[in-house]
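Structural description and commentary
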Amino acid sequence: MVFSVKLYPVLKFIPIILAGVLCGAVTDLAAQQIKSNIIKSEGLLLEAEELLSSIRSLKSAFVQSSTTGALASGTLYITRPGKLRIDYKKPETLQIYADGTWVFYIDSELKEISQLPLTATPASFLIRDKFKFSEDLTVLKVSRNVFTLEISVAQRGEEEAGSFTLIFSNKVDAFQGWAVTDAQGIRTSIKLISPVINKPIAKKVFDFRVPDWAFPKDE
């Protein structure tokens, strides 16, 4: 038997980790301002790289909020390189897995499984073996306030296609989450709550098992 898998769907879970914001062209003046900002922020970028690369595993509760007022929560698991699992808390019926090659999306209520290449998503940057801004990424903006450091990036060569923002503590000693803004200007933020860093996570946590309902029954 073969279960049905949808390729490249328009997925409602995209804001949490899988896609960025559609944005307009960058003018020459804006490009110069970005370059100047990045040069001034090289030290912060290095600190952020080192922090992200030092996270070999992560388990954390999270809260997902949107400027539309929508709220969701759940648990996130990461083991680098390549492994990701996201379980949404009920009443949501969603799960997300990454196996190093694909990202799978399971909606048990709608009885649907979808997939797309990991490399087509920002998730690939978060769970690659070592994180470097110089590898396949363009830094678009670095902003720092009394509470946080935010670094907005886009995939190199596709700066007009999407971006996402990594969020750190002001002292760059904690990774706090990320945010995505869609083409309509809706911002969806993911805040990590009491993350557990570099503690072993059982391999079976990342095992994607096809649900029984994915196999059509013979009539």
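Preceding this section is the structure that the text describes.
All residue numbers refer to positions counted from 1 along the written sequence of the respective chain. Given that this is a predicted model, residues contribute local features only at a pLDDT of at least 70 and side-chain atom pairs are listed and counted only at 80 or more, while totals for whole chains, interfaces and linings are drawn from all residues. Processing note: side-chain calculations cover all non-hydrogen atoms of the structure and skip hydrogens and water entirely.

Points about the overall build of the chain
Each helix and strand in the chain was counted, giving 4 helices and 12 strands. Two residues qualify as a contact provided that any one of their heavy atoms is within 4.5 Å of a heavy atom in the partner residue. The long-range fraction of contacts in the chain, counting pairs at least 24 apart against all pairs at least 6 apart in sequence, stands at 53%. In these tables, accessible area is a Shrake-Rupley quantity obtained with a 1.4 Å probe, and a residue counts as shielded only by the protein chains included in the view. On the chain, roughly 12,200 Å² of surface is accessible, and the fraction owed to carbon and sulfur atoms is 55%. Comment: elements are numbered from the N terminus, with helices defined as DSSP H or I runs of at least four residues and strands as E runs of at least two.

Here we look at the pattern of salt bridges
The salt bridge definition used is simple: a Lys or Arg side-chain nitrogen within 4 Å of an Asp or Glu carboxyl oxygen. All told, the structure shown has 5 salt bridges when counted by the stated rule. Linking Glu135 and Arg128 is a salt bridge whose minimum nitrogen-to-oxygen distance equals 3.8 Å. The class of Glu135 is partly exposed, set by a relative accessible area of 36%. A salt bridge links Arg187 to Glu150; the nearest nitrogen and oxygen atoms lie 3.8 Å apart. Here Glu150 lies in strand E9 (residues 148–155) and Arg187 lies in strand E12 (residues 187–197), a separation of 37 residues in the sequence. Under the scheme applied here, a residue whose accessible area is under 20% of the maximum for its type counts as buried, over 50% as exposed, and between as partly exposed, the area being computed with a 1.4 Å probe on protein chains only.

Concerning empty space enclosed by the protein
Two kinds of site are reported from a 1 Å grid over the protein atoms alone, namely cavities, where a 1.4 Å probe fits but cannot get out, and pockets, open sets with protein on both sides within 12 Å along at least five of seven lines, and residues are called lining when an atom falls within 4 Å of a point. Grid points are joined across faces, edges and corners, and a volume is the space filled by probe spheres set on the points. In total, this model carries 1 cavity of 30 Å³ or more according to the counting rule given. Estimates place the volume of the largest cavity at around 70 Å³. Together, Leu52, Ile55, Leu58, Ile78, Arg80, Leu126 and Phe175 line the largest cavity. Of the residues assigned to the lining of the largest cavity, the class counts are 6 nonpolar, no polar and 1 charged. When residues are grouped by polarity, Ala, Val, Leu, Ile, Met, Phe, Trp, Tyr, Cys and Pro land in nonpolar, Asp, Glu, Lys and Arg in charged, and all others, Gly among them, in polar.

Remarks on the side chain of Ser57
With respect to the secondary-structure elements, Ser57 resides in strand E2 (residues 57–66). Beyond its immediate sequence surroundings of up to four residues, Ser57 is in contact with Ile78, Thr79, Val196, Ile197, Asn198, Lys199 and Ile201.

Re the nonpolar core
Judged by nonpolar contacts, the single largest core of 42 residues is most densely connected at Leu76, Leu84, Phe133, Ile151, Leu166, Phe168 and Phe175. For this core, the element with the most residues is helix H3 (residues 42–54), which contributes 5 residues. Residue contacts for Leu76: discarding those within four places in its chain leaves Leu58, Lys59, Ser60, Phe62, Leu84, Arg85, Ile86, Trp178 and Leu192. We define the nonpolar core as a collection of buried residues of types Ala, Val, Leu, Ile, Met, Phe, Trp, Tyr and Cys that are connected through side-chain atoms lying within 4.5 Å of one another.

Digging into H3
Its 13 residues give H3 an end-to-end C-alpha distance of 18 Å, which sits within 8% of 18 Å, the value for a rise of 1.5 Å per residue. Buried within H3 are the following residues: Leu44, Leu45, Ala48, Glu49, Leu51, Leu52 and Ser53. To estimate the expected span of a helix, count its residues, drop one, and scale the result by 1.5 Å.

Describing the pairing of E2
Residues in a regular strand project their side chains so that they alternate between the two faces of the sheet. When DSSP finds two or more bridges between two strands, those strands count as paired. Two strands pair when backbone bridges link them, and E2 and strand E3 (residues 71–79) are joined in this way by 9 bridges, in the antiparallel orientation. Residue pairing for E3: Lys59 is matched across the bridge by Tyr77. Hairpin connection between E2 and E3: a loop of 4 residues separates the two successive antiparallel strands, and Gly69 in this loop has a positive phi of roughly 100°. Bridging between E2 and E12 involves 8 bridges; their strand directions are antiparallel. Along E12, the bridge assignment pairs Ser66 with Thr188.

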